[in-house]
Amino acid sequence: MIEIKECSKSFGALQAVSKVSLDIEEREVFGLVGSNGAGKSTLLRMAAGILKPDEGEIRIDDLQVFDNEEAKKQIFYISDDCYFPANYTAADMASFYRLYYPGFEHQRFSKLMRQFLLDESQKISTFSKGMKKQLMTLLGICAGTKYLLCDETFDGLDPVVRQGVKSLFAAEIMSRDFSPVLASHNLRELEDICDHVGLLYKGGMLLSRNLEDMKFHIHKMQCVFTDKKQEDALKKELDVLKVDHQGSLIMITARGTRAEIMAKIQEKNPLFCEVLPLTLEEIFISETEVAGYEIQNIFF
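Calculation criteria
Sequence order as written defines the numbering, with residues in each chain counted from 1. Given that this is a predicted model, residues contribute local features only at a pLDDT of at least 70 and side-chain atom pairs are listed and counted only at 80 or more, while totals for whole chains, interfaces and linings are drawn from all residues. Hydrogens and water molecules were not included; the side-chain quantities draw on all heavy atoms of the structure. Each pair of strands is called paired provided DSSP finds at least two bridges between the two strands. In this text, helices come from DSSP runs of H or I with a minimum length of four residues, and strands from runs of E with a minimum of two, each type numbered from the N-terminal end. Throughout, an axis means a line fitted to C-alpha atoms (over the contacting stretch in the case of helices), and angles, computed between N-to-C directions, take values from 0 to 180 degrees. The criterion used for residue contact is that any of the two residues' heavy atoms lie within 4.5 Å. Residue exposure (1.4 Å probe, protein chains only): buried if accessible area is under 20% of the type maximum, exposed if over 50%, otherwise partly exposed. Throughout, the arc means the angular range of directions from the helix axis out to the C-beta atoms. Should an angle fall under 35 degrees it is taken as roughly parallel, and over 145 as roughly antiparallel, whereas 65 to 115 is taken as roughly perpendicular and any remaining angle as oblique. Just so you know the grouping, Ala, Val, Leu, Ile, Met, Phe, Trp, Tyr, Cys and Pro go in nonpolar, Asp, Glu, Lys and Arg go in charged, and all remaining residues, Gly too, go in polar. Method remark: on a 1 Å grid restricted to protein atoms, a set of points is classed as a cavity if a 1.4 Å probe fits but cannot get out and as a pocket if it is open with protein on both sides within 12 Å along at least five of seven lines; lining residues have an atom within 4 Å of a point. Grid points are joined across faces, edges and corners, and a volume is the space filled by probe spheres set on the points.

As recorded in an unreviewed UniProt entry, the protein goes by the name ABC transporter ATP-binding protein, listed as coming from Blautia intestinalis.

Here it is, written out as structure tokens:
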């Protein structure tokens, strides 16, 4: 487990991270979302032991991470803008990481490179941004660490490769102790892979929720009633977060289990009713509005 407790980090007058606390459980995919400048990269660098928090502490499997070689053996960090030595090939990078990660699987790395249609002997300087992201992800997988910290990993990947990387993460979690932490400014990139999502805003942790739990307790229904009085009565009985109208069709987003909400709707004898799937963005809109924020002001 990664435990982050009341961590803060400033760069001069800039408060990059402010009193952030969260737990990242084992064998779960944790999504760290927030707009550019929200503090995601700084928080990941502290979790990787690259930066020391000004306040608070970060522990990995109960070990202090900063300046601790044993703790860092369990971490592979992929930055948003990776550095590669001049004239290095992908094979050179694999040899480099073998020095720091004794369990590095070189044969598997070669196999994955072929599967992702990447050439080990090609100079990395000729790679596109997306190819460099793929390379670092494969290096991180083959290093065999328990935690993989990824900063904007899916940025620059085409949809096919993005899905391939997600499938690779899922296979790793099924076969060994593996916990990827994925930082992104794009909610849509994370909604089909994450178990838990945290929202950073201006350096602070605004929300941290289990995604399945959030989906279980927030639902969106569209209905048609014969009488507006039925609609008004239903709004009073449900914990309504949002209501939209499209002609005679009413769309209600409300807290509660699906069974609870449907039971109350059916009591009103609607002409029509169905459950609509909620996206991660819609869930966060509901959660942030309750907290007094607007998601548009956070991400745009």
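## What to know about the sheet that holds strand E12 (residues 239-246)
The four strands lie next to each other as E12-E13-E11-E14, forming an open sheet whose pairing is antiparallel. Since the sheet does not close on itself, it has two edges, and those belong to E12 and strand E14 (272-276), each with one partner. Each neighbouring strand pair of the sheet contributes to a mean axis angle of 20°, computed without reference to strand direction. Bridging between E12 and strand E13 (residues 249-255) involves seven bridges; their strand directions are antiparallel. Note that in E13 the partner of Asp239 across the bridge is Arg255. Strand contacts of helix H9 (residues 258-266): strand E11 (218-224), E13 and E14, with the helix running at about 20° to E11, the strand carrying the most contacts.

## With respect to helix H3 (residues 90-100)
Two residues of an α-helix separated by three or four positions point the same way, owing to the 3.6 residues in each turn. The set of residues buried in H3 consists of Ala90, Met93, Ala94 and Tyr97. Here the buried residues of H3 occupy an arc of 100° about the axis, which is enough to place them on one side. Residues of H3 that are buried make contact with strand E6 (75-78), helix H4 (106-115) and helix H5 (129-143).

## Some thoughts on the side chain of Thr257
Tracing the backbone through its elements, the reader meets Thr257 in the loop between E13 and H9. Judged by relative accessible area, Thr257 falls into the buried class, the value being 16%. Setting aside chain neighbours within four positions, we find Thr257 in contact with Phe216 and His219.

## A word on the packing of H5 against helix H6 (residues 159-175)
It is the contact of H5 with H6, at a shortest axis distance of 12 Å, that shows an interaxial angle of 10°. Considered as vectors, H5 and H6 are oriented roughly parallel to each other. Packed against H5, whose contacting residues are Gln134, Thr137, Leu138 and Ile141, the element H6 presents Val161, Val165, Leu168, Phe169 and Glu172 at the interface. Of the residues in the contact of H5 with H6, the class split is six nonpolar, two polar and one charged.

## Topic: the sheet that holds strand E1 (residues 2-11)
A sheet is described by the order of its strands in space; here four strands give the open sequence E2-E1-E4-E5, paired in antiparallel fashion. If you trace the sheet from one side to the other, it starts and ends with strand E2 (14-24) and strand E5 (63-64), each paired once. With seven bridges connecting them, E1 and E2 associate as antiparallel partners. Across the sheet, residue Glu3 finds its bridge partner in E2, namely Asp23.

## Some details on the layout of surface pockets
Looking at the largest pocket, its volume works out to about 600 Å³. Every residue lining the largest pocket is counted, 21 residues in all, and those nearest its centre are Tyr77, Phe96, Tyr97, Tyr100 and Tyr101. Only helix H2 (69-72), E6 and H3 provide two or more residues apiece to the lining of the largest pocket. The class makeup of the residues in the lining of the largest pocket is 16 nonpolar, two polar and three charged.

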